[in-house]
Amino acid sequence: PADTSLTSLVSTLSFTPPFSPHLPPPPVRQSPPHSDSGVTAVVEQQGYISLRLRHDVVLDISANQAIRLTNNLKNSSMSLSACTTQMALVHPKGRILQYGPRVEVQTEDEVSVKNAKIYPRGISFTANNMALVYLLDEAGARSTSDMFHDLYATQISDTLFMESCQREGQSVTTSIRQLDRARYWRTEAGVECWIIGHVFIQQTEDGFVTVESELQHGDKFVLRTSPSNGKVRFDSRFMQMTASLGDESHVFLRSRDRRLHYSGQTKVFTVRNAGHSAGFDEEGELRIF
């Protein structure tokens, strides 16, 4: 069963401001905070900085350093909360929501709607053409009971980002100050770079964007998006995620020894945990490997 109350779920989660940044090495060539390539940065009325990059990629940074990276050309968006324990992905091949130690994945195609949840006990998964929910843990696969959020009911990336924004008072003033202190430079290889607060942004000449957020205790979070092939990537100590379009269209998620892979070409949906594998084949039928 699906629970559509994502806003109430997210609003109950804890958001706390991050620590000061560890800045990268000095730039190759220093320039004013705004580039000369048509990139603009403004503070929106809601109180966050909107950095409008080339190739229709937009990076939004809230006053408490939550992040939303939007690839308008390929209809994808990733958000990371200010406390960094929540992440949301909207992509044409699937959606992902992390909240604390749990990660939910949902994919939709002409065969079925497939849901999975990675959490401390194992991986639970189901599909809308199945009567049962299955659990894959160290003992293998068996039926269980569980609930899954409908990640397609709302724009989860926007919801997560705006919830972070609303938890920061005097956000416009803070964001204006952060933008005034922003640093910009272009490397000899033509890579444009910005530092806003503890967020380090790079965009290559072909439009590929890398966003790094590093906290004082050393945790690093990296978001990447490509306006040319629709590939996105998220890396943190807790999990790694990729999704892409085209001939290799897929959604892939790894958290410790747990993995999930969905093929946008074959529609095969596979979860792996502790040496066991299970999932749904091309016809949407349950398979235990």
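Residues numbered from 1 in each chain as written. Predicted model: local features only at pLDDT ≥ 70, side-chain atom pairs only at ≥ 80, totals over all residues. Heavy atoms only, no water.

(A) Spatial organisation of the overall build of the protein. Along the protein, the regular secondary structure elements total three helices and 27 strands. Counting over 289 residues, the protein shows a buried share of 55%. Of the contacts made within the protein by residues no fewer than 6 positions apart, 48% connect residues no fewer than 24 positions apart. Surface exposure of the protein reaches about 12600 Å², of which carbon and sulfur atoms provide 48%. (Helix = DSSP H or I, 4+ residues; strand = E, 2+ residues; numbered from the N terminus. Buried < 20%, exposed > 50% of the residue type's maximum accessible area, 1.4 Å probe, protein only. Contact = heavy atoms within 4.5 Å. Areas by Shrake-Rupley, 256 points an atom, 1.4 Å probe, with all protein chains shown as cover.)

(B) Focus on the nonpolar core. Counting residues in each nonpolar core, the largest one holds 51 residues, and the members touching the most others are Ile201, Val211, Phe234 and Met241. Each residue touching Phe234, except ones within four places of it in the same chain, is listed here: Met78, Leu80, Met87, Phe221, Val222, Leu223, Met239, Gln240 and Met241. Among the nonpolar cores identified, the runner-up in size contains seven residues, and Val90, Tyr99, Leu151 and Ile156 belong to it. (Core = buried A, V, L, I, M, F, W, Y, C linked by side-chain atoms within 4.5 Å.)

(C) Representation of the sheet that holds strand β14 (residues 140-144) within the structure. Overall, antiparallel pairing links the twelve strands, which are arranged β3-β4-β5-β6-β7-β8-β9-β10-β11-β12-β13-β14 in an open sheet. The sheet is open, and its two borders are formed by β3 (40-43) and β14, each paired with just one other strand. Taken pair by pair, the neighbouring strands of this sheet meet at an average axis angle of 15 degrees, ignoring direction. Examined bridge by bridge, strand β10 (residues 102-108) and strand β11 (residues 113-119) share six bridges and lie antiparallel to one another. In the strand pairing of β11, Val105 is matched with Ala116. In the packing of helix α2 (residues 156-165) onto the sheet, the strands contacted are β5 (57-61), β6 (67-71), β7 (76-80), β8 (86-91) and β9 (94-99), and the crossing angle to β8 comes to about 150 degrees. Lying over the sheet, helix α3 (residues 171-180) contacts β3 and β4 (49-52), oriented at roughly 155 degrees with respect to β3. (Pairing = 2+ DSSP bridges. Axes fitted to C-alpha atoms, helices over the stretch in contact; angles between N-to-C directions.)

(D) Structural detail: the packing of aromatic side chains. Taken as a whole and judged by the stated rule, the model has seven aromatic pairs. A centroid spacing of 5.3 Å and a plane angle of 45 degrees characterise the contact between Tyr184 and Trp194, whose relative ring orientation is tilted. Pair noted here: Tyr184 is in strand β16 (residues 183-186) and Trp194 is in strand β17 (residues 192-196), with a separation of ten residues, a long-range link. Residue Trp194 is classed as buried on the basis of its relative accessible area of 2%. In textbook terms, an aromatic cluster arises when at least three aromatic residues are bridged by ring pairs, as seen for Phe125, Tyr134, Tyr262, Phe269 and Phe280. The ring of Tyr48 carries the charged tip of Arg68 above its face, separated from the ring centre by 5.6 Å. Between the NZ or CZ atom of Arg95 and the centre of the ring of Tyr152, over which it lies, the distance is 4.6 Å. (Phe/Tyr/Trp six-rings, centres within 6.5 Å; stacked < 30°, edge-to-face > 60°. Lys NZ or Arg CZ within 6 Å of the ring centre and 35° of its normal.)

(E) Representation of the pairing of strand β21 (residues 232-235). Sheet topology places strand β20 (residues 220-225) next to β21; four bridges connect them, and they run antiparallel. Following the sheet pairing, Leu223 is matched in β21 by Phe234. Where β20 folds back onto β21 in an antiparallel hairpin, the turn is made up of six residues, including Gly230, whose phi is positive at roughly 75 degrees. Of the strand pairs in this sheet, β21 and strand β22 (residues 240-244) are connected by four bridges, and their pairing is antiparallel. Each bridged residue has a counterpart across the sheet, and for Val232 the counterpart in β22 is Ala243. Counted between consecutive antiparallel strands, the loop separating β21 from β22 contains four residues.

(F) Quick look at the environment of Thr173. The residue Thr173 is located in helix α3 in this model. For the pair Thr173 and Tyr48, spaced 125 residues apart in sequence, the C-alpha separation works out to 9.8 Å.

(G) Region of the structure containing α3. If you check which residues of α3 are buried, you get Ser171, Thr174, Ser175, Gln178 and Leu179. Projected down its long axis, α3 carries its buried residues within an arc of 135 degrees, all on one side. In this structure, the buried side of α3 is in contact with β3, β4 and β17. (Arc of directions from axis to C-beta.)

(H) Summary view of the pairing of β22. Most of β22 sits inside the fold, with five of its five residues counted as buried. Residues Gln240, Thr242 and Ser244 point to one face of β22 and Met241 and Ala243 to the other, with burial holding for every one of them. Pairing between β22 and strand β23 (residues 250-255): five bridges, direction antiparallel. Of the residues in β23, the one forming a bridge with Ala243 is Val251.

(I) Main features of the side chain of Ser263. Mapped onto the fold, Ser263 is located in strand β24 (residues 258-263). Accessibility expressed as a relative area gives 12% for Ser263, which makes it buried. Within the structure, the side chain of Ser263 is placed 3.2 Å from the backbone nitrogen of Gln265, a separation counted as a polar contact. Setting aside residues no more than four positions away along its own chain, Ser263 makes contact with Ser249 and Val268. (Polar contact = N/O pair within 3.5 Å; in protein donor to acceptor, adjacent residues only side chain to side chain.)

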